[in-house]
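Fold and geometry: a report
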Amino acid sequence: MLPSVFDTLKERGLIAQMTHEEEIKKLLEEEKVTFYIGFDPTADSLHVGHFLQLMVMAHMQRAGHRPIAILGGGTAMIGDPTGKTDMRRMMTREELDHNVACFKKQMSRFIDFSEGKALILDNADWFLNLNYMEFLRDIAVHFSVNRMLTFECFKSRLERGLSFLEFNYMLLQSYDFYKLNQEYGCVLELGGDDQWSNIIGGIELIRRKAGKQAYGMTFTLLTTSEGKKMGKTEKGALWLDPEKCSPYDFYQYFRNVDDADVIRCIKLLTFVPMDEIHRLEKLEGQELNEAKRILAYEVTKLVHGEEEAQKAKKTAEGLFSGGNAADMPSTELVASDLAEETPLLELMLASGLIPSKGEGRRLITQGGVSVNEEKVADPNVTIKKEKLFGDGIIVKKGKKVYHRISAK
RNA sequence: GGAGGGGUUCCCGAGUGGCCAAAGGGGGCAGACUGUAAAUCUGUUGUCUUCGACUUCGAUGGUUCGAAUCCAUCUCCCUCCA
C-alpha cells in the first residue's frame, strides 16, 4: 500500500483548504493522480515561496502521483491581481521566455521530470494563439461577473481599481485546469492559499463544460508567526539561484529564523521525518538552536545540494565559534589597483559590505565594524596593502556579517 | 472627451516662499541585553574629501535675492460625468 501522502501533507501542516476532503483523501490513497500547480514566471529565479510548492509536488511524486508544473508564460502576460494592491508591470514576451527557461532548469532539481513521472508545460503554448471569439463563446459564458465580484480576491481591488485585463486572469487560470483535465486527465489543482478562488473557477468550469468532477487543494503560505510573508531579504526575495543568493546567505537566513517559526519551517520545507520533528518540538530556549541548525542544513541541502550545505554549515560554525573560516563571503581585489594604504571604507565599499561611505562611517562610529576581530574606532583608518595579501583581512559588520577582503 | 483631486526621501505620510536634507510612523542598519532567537531600550537612516560642499520633493522651463512650496507646458495616477 502506498503511504498516504494525504496524511503526510496534513501532518506537516501544508494543507490550508480543500474542496472535498473525503474524496481527495480517498483519491490520493487509491489512485495515481495527475495534478497540477501553476507558476508565474515573473522573475528569473524561483524563490522560497515556489520552493514550498515544489515540496508539495515532491511529496506527491514520492507517493506515486504525477505532477504537472505549468509555467505561466501566457498567464503572466496578464498578471494575477490576487493579493496585489497595484497592477503589475507588464512583462515582455522575451522576458517571460527567459524566465520560463530559468524556472524549468531550477525545477528539474526537485522534481523528476523523466518520462511519465512528471510534466512541465508552458501555458503560452495554448494561450498565445487563442481566438478571442471562440474563447468568449466557449469559456467566458460559464463565468458570472456577479459571482466573480463577490470573490475576496477582487474585493480589495474594487476599491483601488481593477483593470479588465486583470479581471480575466481567473478565466485563464480556469482554462488551464480545464485544458489539462481534457488532455492529461488532470483532476486536482494545487496552489497557495491565495489561489483558492482561481482554483474554484477551474473546478466549476470543468463541471459545467465537461460535466466532470475535479478537485482543488491549497496549502499554507510561507509566513512568519506574525503573518508576514517569509523569505524577504534586503535584496528582495530569498532566491534559489546561487548567483542571486549564495548558499551561505541562504543557510544563514534559516539559521536565523524566529524561534516561533522553526518547527513550522522544518515541517514545510524539509523531509525530516515527523518522529524527529516531534523530538525537536520539545526543545526550549537555547536548545532550539539545534532545530535551527537542522532546518538550515536540510533546506540548503535540498536547494543547493549536500556539498554546498556542508560548506555553508562549516563556514557558519567556523565564523561564529572561532571567528575564522576558510570559506566565507569574500572579495579579491587586484593588487596593482591599490595604493600602499587604502582607506577601510573604500575596501568595504568595493566588497559590497556597505552601499556608501556615509553608511560605513556611521557603522564605524557606532562601533559596528571589526577588522580581524578588532573593533575599528576611527572611520578614517587605512589598511596597508601588504595586509591584504594571502588570507587578507576579515571584516565583520555588525554581529553576523563576515567578509574576507584580500588582494592578489 | 468634460470636471475635480493628486504625484514628497526605502514605504506610508506631513510640509503651501526662507527656520527644509525636509515632521511623524513603518521598515532597515548598528549599539546594549541575549541563544547567530524574540521582546525592550538607545543611536542612526541622501551623496561626498562630513570644516563644509553638492544633489533631491513626477519632467522641463520660468518668476524670485531665495522654490518641495508660486507660474507655464508636459507626463502619470485617482474620482466623478460622457
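See the structure printed just above.
Going along each chain's sequence as written, the residues are numbered from 1 onward. All chains are assigned letters beginning at A, and all ligands numbers beginning at 1, according to the order in which they are written. The predicted origin of the model limits local features to residues at a pLDDT of at least 70 and limits the giving and counting of side-chain atom pairs to 80 or more, whereas totals for whole chains, interfaces and linings rest on all residues. Hydrogens and water are ignored here; the side-chain numbers use all heavy atoms of the structure.

Quick word on the pattern of salt bridges
The line we're drawing: The working definition used for a salt bridge is a side-chain nitrogen of Lys or Arg within 4 Å of a carboxyl oxygen of Asp or Glu. Strands here are runs of E lasting at least two residues and helices are runs of H or I lasting at least four, both read from the DSSP assignment and numbered beginning at the N terminus.
For the structure shown, the criterion picks out 18 salt bridges. With a closest N to O distance of 3.1 Å, Asp112 and Lys117 form a salt bridge. In this structure, the salt-bridge partner of Glu276 is Arg279, at a minimum N-O distance of 3.2 Å. Of the two residues, Glu276 and Arg279 both sit in helix 14 (residues 274–281), 3 residues apart, roughly one turn of that helix. Through salt bridges with shared partners, a single ionic network connects Asp7, Lys25 and Glu29.

Considerations on the side chain of Thr300
Using the following cut-off: For this analysis, a polar contact is any N or O atom pair within 3.5 Å, provided that within protein one partner can donate a hydrogen and the other can accept it, and provided that sequence-adjacent residues contribute only side-chain to side-chain pairs. Only heavy atoms enter the contact rule, under which two residues are in contact if any of them lie within 4.5 Å.
Along the chain, the position of Thr300 falls in helix 15 (residues 288–304). A polar atom in the side chain of Thr300 sits 2.5 Å from the backbone oxygen of Ala296. Look past the residues within four positions of Thr300 in its chain and what remains in contact with it is Pro247, Phe250, Tyr251, Gly305 and Ala309.

Concerning the protein's contact with RNA strand B
The line we're drawing: By convention in these notes, a residue is near a molecule or strand provided one of its non-hydrogen atoms lies within 4 Å of it. When residues are sorted by character, Ala, Val, Leu, Ile, Met, Phe, Trp, Tyr, Cys and Pro go into the nonpolar class, Asp, Glu, Lys and Arg into the charged class, and all the rest, Gly among them, into the polar class.
Neighbouring residues of RNA strand B: 25 residues in total, closest Arg255, Asn256, Asp259, Arg361 and Arg362. Of all RNA strand B atoms lying within 4 Å of any protein atom, the proportion belonging to sugar or phosphate reaches 64%. Here a base oxygen of RNA strand B and a side-chain polar atom of Gln252 are 2.7 Å apart. Here a phosphate oxygen of RNA strand B and a side-chain polar atom of Ser356 are 2.8 Å apart. Those elements that provide at least two residues to the surface near RNA strand B are helix 12 (247–255), helix 15, helix 16 (306–322) and helix 18 (357–365). The dominant element in the surface near RNA strand B, judged by the number of residues it contributes, is helix 18, at 6 residues. Tallied by class, the residues present in the surface near RNA strand B amount to 4 nonpolar, 11 polar and 10 charged.

Focus on unusual backbone geometry
Phi at Asn372 takes a positive value of approximately 45°, unusual for a residue other than glycine. For Asn372, the position within the fold is in the loop between strand 11 (369–371) and strand 12 (374–375). Backbone geometry places Glu373, a non-glycine residue, at a positive phi of 65°.

Observations concerning the sheet that holds strand 14 (residues 393–397)
Heads up, the rule is: Here the rule is simple: two strands pair whenever DSSP picks up at least two bridges between them.
Taken in spatial order, the 5 strands make up an open sheet running 9-15-14-11-12, and their pairing is mixed. Either end of the sheet is taken by a strand with one partner, and the two such strands are strand 9 (330–333) and strand 12. Bridge count between strand 14 and strand 15 (residues 401–407): 5 bridges; the pairing is antiparallel. Across the sheet, Val395 pairs through a bridge with His403, a residue of strand 15.

A short note on the environment of Gln213
Tracing the sequence through the fold places Gln213 in the loop between helix 11 (196–210) and strand 6 (215–219). Each C-alpha atom, one on Gln213 and one on Thr8, is 24 Å from the other, the two residues being 205 residues apart in sequence. A distance of 3.3 Å separates a polar atom in the side chain of Gln213 from a polar atom in the side chain of His20.

Focus on the nonpolar core
Heads up, the rule is: For this analysis, a nonpolar core means a set of buried residues of the types Ala, Val, Leu, Ile, Met, Phe, Trp, Tyr and Cys, connected via side-chain atoms within 4.5 Å. Only protein chains enter the accessibility calculation, which uses a 1.4 Å probe; a residue whose area is less than 20% of its type maximum is buried, one above 50% is exposed, and one in between is partly exposed.
Counting 76 residues, the largest nonpolar core has Phe39, Met60, Leu188, Leu190, Phe250, Phe254 and Leu269 as its most contacted members. For this core, the element with the most residues is helix 3 (residues 48–62), which contributes 9 residues. Beyond its immediate stretch of four places on either side in the chain, Met60 contacts Val5, Leu9, Leu28, Phe35, His65, Leu188 and Leu190. Counting residues in each nonpolar core, the second largest holds 30 residues, with Ile70, Leu172, Phe177 and Leu180 among its members.

Remarks on the sheet that holds strand 2 (residues 34–39)
Strand pairing in a sheet is mediated by backbone hydrogen bonds. Such pairs are either parallel or antiparallel. Spelled out, the test is: Interaxial angle, 0 to 180 degrees, is taken between N-to-C directions of lines fitted to C-alpha atoms, where a helix line uses only the stretch in contact.
Pairing in this open sheet of 6 strands is mixed, and the strands run 1-6-5-2-3-4 from one edge to the other. Across the chains shown, the open sheet's two edge strands, defined by having one partner strand only, are strand 1 (15–18) and strand 4 (119–122). This sheet shows a mean twist of 25° between the axes of neighbouring strands, independent of strand direction. Of the pairings in the sheet, the one linking strand 3 (residues 66–71) to strand 4 comprises 4 bridges and is parallel in character. Among the inter-strand pairings, Ile68 is bridged to a residue of strand 4, identified as Leu119. Helix-sheet contacts for helix 4 (residues 93–107) involve strand 2, strand 3 and strand 4, and the interaxial angle to strand 3 is about 155°.

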